[in-house]
Amino acid sequence: MEKRTNETITLGSGKVYIKEYTGTIPENSALEVMTNLLAWIKGGAALEYSMDFYEASDDLGMVSKRKMTVEKADLKTGIMTWNGETLKYLSTTAKVAEDAGIRTTKLGGADSGKQYIVHFVHEDPVDGDVRVTIVGQNTSGFTLTFKPDEETVIDAVFSATKGKLDDVGTLVIIQEEIGASVP
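Below is a short write-up of the structure. Residues take numbers from 1 onward in each chain, read along the sequence in its written order. Where local features are concerned, this predicted model is filtered to residues with pLDDT of at least 70; where side-chain atom pairs are given and counted, the filter is 80 or more; whole-chain, interface and lining totals use all residues. No hydrogens and no water enter the side-chain calculation; it runs on all heavy atoms of the structure.

### Description of the overall build of the protein
Phase 1 of the analysis: Numbering of helices and strands runs from the N terminus, with a helix taken as a DSSP run of H or I at least four residues long and a strand as a DSSP run of E at least two residues long. Looking only at helices and strands, the protein features 2 helices and 10 strands.
Phase 2 of the analysis: Along the longest, intermediate and shortest principal axes, the C-alpha atoms of the protein span 70 × 50 × 40 Å.
Phase 3 of the analysis: Burial classes follow relative accessibility: with a 1.4 Å probe on protein chains only, a residue under 20% of its type's maximum area counts as buried, one over 50% as exposed, and anything between as partly exposed. The buried share of the protein, reckoned over its 183 residues, is 31%.
Phase 4 of the analysis: Two residues form a contact once any of their heavy atoms are found within 4.5 Å. Considering only contacts within the protein whose residues lie at least 6 apart along the sequence, 59% involve residues at least 24 apart.
Phase 5 of the analysis: A total accessible area of about 11700 Å² is found for the protein, and carbon and sulfur atoms account for 51% of it. The protein chains shown are the only cover counted for residues, whose accessible areas, like all others here, come from Shrake-Rupley with a 1.4 Å probe.

### What to know about the environment of Ser 13
Phase 1 of the analysis: One can find Ser 13 in the segment before strand S1 (15–20).
Phase 2 of the analysis: With 132 residues separating them along the chain, Ser 13 and Thr 145 place their C-alpha atoms 23 Å apart.
Phase 3 of the analysis: Discounting chain neighbours no more than four positions away, the residues touching Ser 13 are Ile 41, Gly 44, Phe 120, Val 121 and His 122.

### A few points about the pattern of salt bridges
Phase 1 of the analysis: Every case where a carboxyl oxygen of Asp or Glu lies within 4 Å of a side-chain nitrogen of Lys or Arg is listed as a salt bridge. Considering all chains together, one arrives at 13 salt bridges under this definition.
Phase 2 of the analysis: For Lys 15, the salt bridge identified is with Glu 123, shortest N-O distance 4.0 Å. Of this pair, Lys 15 sits in strand S1 while Glu 123 sits in the loop between strand S7 (116–122) and strand S8 (130–138); the two residues are 108 residues apart in sequence, bridging distant segments of the chain.
Phase 3 of the analysis: One network of salt bridges, with partners in common, ties together Glu 32, Asp 129, Arg 131 and Glu 177.

### Some points on the packing of aromatic side chains
Phase 1 of the analysis: Any Phe, Tyr or Trp ring, taking Trp's six-membered ring, that has another such ring centre within 6.5 Å forms a pair; planes under 30 degrees apart are called stacked, those over 60 apart edge-to-face, and the others tilted. Evaluated as defined, the whole model comprises 1 aromatic pair.
Phase 2 of the analysis: Taking 5.1 Å as the distance between ring centres and 80 degrees as the angle between the ring planes, the aromatic pair formed by Tyr 89 and Tyr 116 counts as edge-to-face. With Tyr 89 in the loop between helix H2 (84–87) and strand S5 (95–99) and Tyr 116 in strand S7, this pair connects stretches of sequence that are 27 residues apart.

### Some details on the pairing of S5
Phase 1 of the analysis: Alignment of S5 against strand S6 (residues 102–106), held across 5 bridges, turns out to be antiparallel. When the sheet's bridge partners are listed, Asp 99 is paired in S6 with Ile 102.
Phase 2 of the analysis: Think of it this way: DSSP has to see at least two bridges between two strands before they count as a pair. Taking the residues that link successive antiparallel strands as the turn, the S5-S6 hairpin has 2 residues, and the phi of Ala 100 there is positive, at about 55 degrees.

### Quick notes on the nonpolar core
Phase 1 of the analysis: By nonpolar core is meant a set of buried Ala, Val, Leu, Ile, Met, Phe, Trp, Tyr and Cys residues that side-chain atoms within 4.5 Å join together. Counting residues in hydrophobic clusters, the biggest one holds 21 residues, and the most contacted among them are Leu 38, Ile 79, Leu 90, Val 118, Ile 134 and Phe 158.
Phase 2 of the analysis: For this core, the secondary-structure elements that each account for two or more residues are S1, strand S2 (37–39), strand S4 (64–79), S7, S8 and strand S9 (154–160).
Phase 3 of the analysis: Sort the elements by how many residues they give to this core and S9 lands first, with 4 residues.
Phase 4 of the analysis: Setting aside residues no more than four positions away along its own chain, Phe 158 makes contact with Ile 18, Leu 38, Ala 73, Asp 74, Leu 75, Tyr 89, Leu 90, Val 118, Ile 134, Gln 137 and Asn 138.

### What to know about the side chain of Thr 86
Phase 1 of the analysis: Looking at the secondary structure, you find Thr 86 in helix H2.
Phase 2 of the analysis: Exposure remark for Thr 86: the relative accessible area of 7% places this residue in the buried category.

### Some details on unusual backbone geometry
Phase 1 of the analysis: Positive phi outside glycine occurs at Ala 100, with the angle close to 55 degrees.
Phase 2 of the analysis: Turning to its location among the elements, Ala 100 is positioned in the loop between S5 and S6.

### A look at the pairing of strand S3 (residues 41–57)
Phase 1 of the analysis: As paired strands, S3 and S4 are joined by 14 bridges and run antiparallel to one another. Its bridge partner lying in S4, Ser 57 is registered against Ser 64.
Phase 2 of the analysis: Between the antiparallel neighbours S3 and S4 lie 6 residues, among them Gly 61 with a positive phi of about 75 degrees.

### A few points about a nonpolar patch on the surface
Phase 1 of the analysis: Taken together, the side chains of Tyr 49, Met 51, Phe 53 and Met 68 make up a nonpolar region of the molecular surface, amounting to roughly 380 Å² of accessible area.
Phase 2 of the analysis: With 3 residues, the top contributor of residues to the nonpolar patch is S3.
Phase 3 of the analysis: Relative to the assigned elements, Met 51 resides in strand S3. Here the term patch refers to residues with relative accessible area over 30% and no salt bridge, with like charges joined within 9 Å and nonpolar side chains (Val, Leu, Ile, Met, Phe, Trp, Tyr) within 5 Å.

This is the structure in structure tokens:
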């Protein structure tokens with residue numbers, strides 16, 4: 001069976017970088033620095049893209065017209081390493097202050113309305129890296145679970161905001177390195 005060009009089997013997780021959105025998307029090299037690393041993640045990451053349609057048709061099913069009404073993209077991940085600074089990316093109401101060796105995080109109140117560039121990188125030295133980029137906010141809230149026999153993993157759902165990546169409404173940018181060697 002002939003293999004199609006540049007198809008890969010994707011194995012493994014990656015890194016999630018985050019940066020406040022200020023109107024432009026920086027180059028990958030500017031995003032992929034340790035100061036932008038959101039956290040070390042557990043359970044990988046998942047991009048979910050969905051659409052809803054409205055369909056109008058006559059009573060006999062002879063004519064119809066379909067129109068997309070909703071388009072949505074969510075980037076989900078499990079955050080394993082965290083502190084108050086991490087939580088500010090998960091709540092647009094978070095306020096973080098440090099004083100005398102104590103970090104205090106306050107949640108609730110006024111919404112900052114901040115949007116973030118969320119940039120996931122799956123590194124693959126054989127088939128080439130894959131990058132997924134959105135601009136949005138965590139829309140799932142979060143739960144901090146303290147269990148005696150396992151690590152705390154915060155499930156985050158970053159929902160893309162239309163109109164931030166370009167002027168035509170792109171929600172997600174997926175970049176694949178295609179110049180890598182293919183077995």
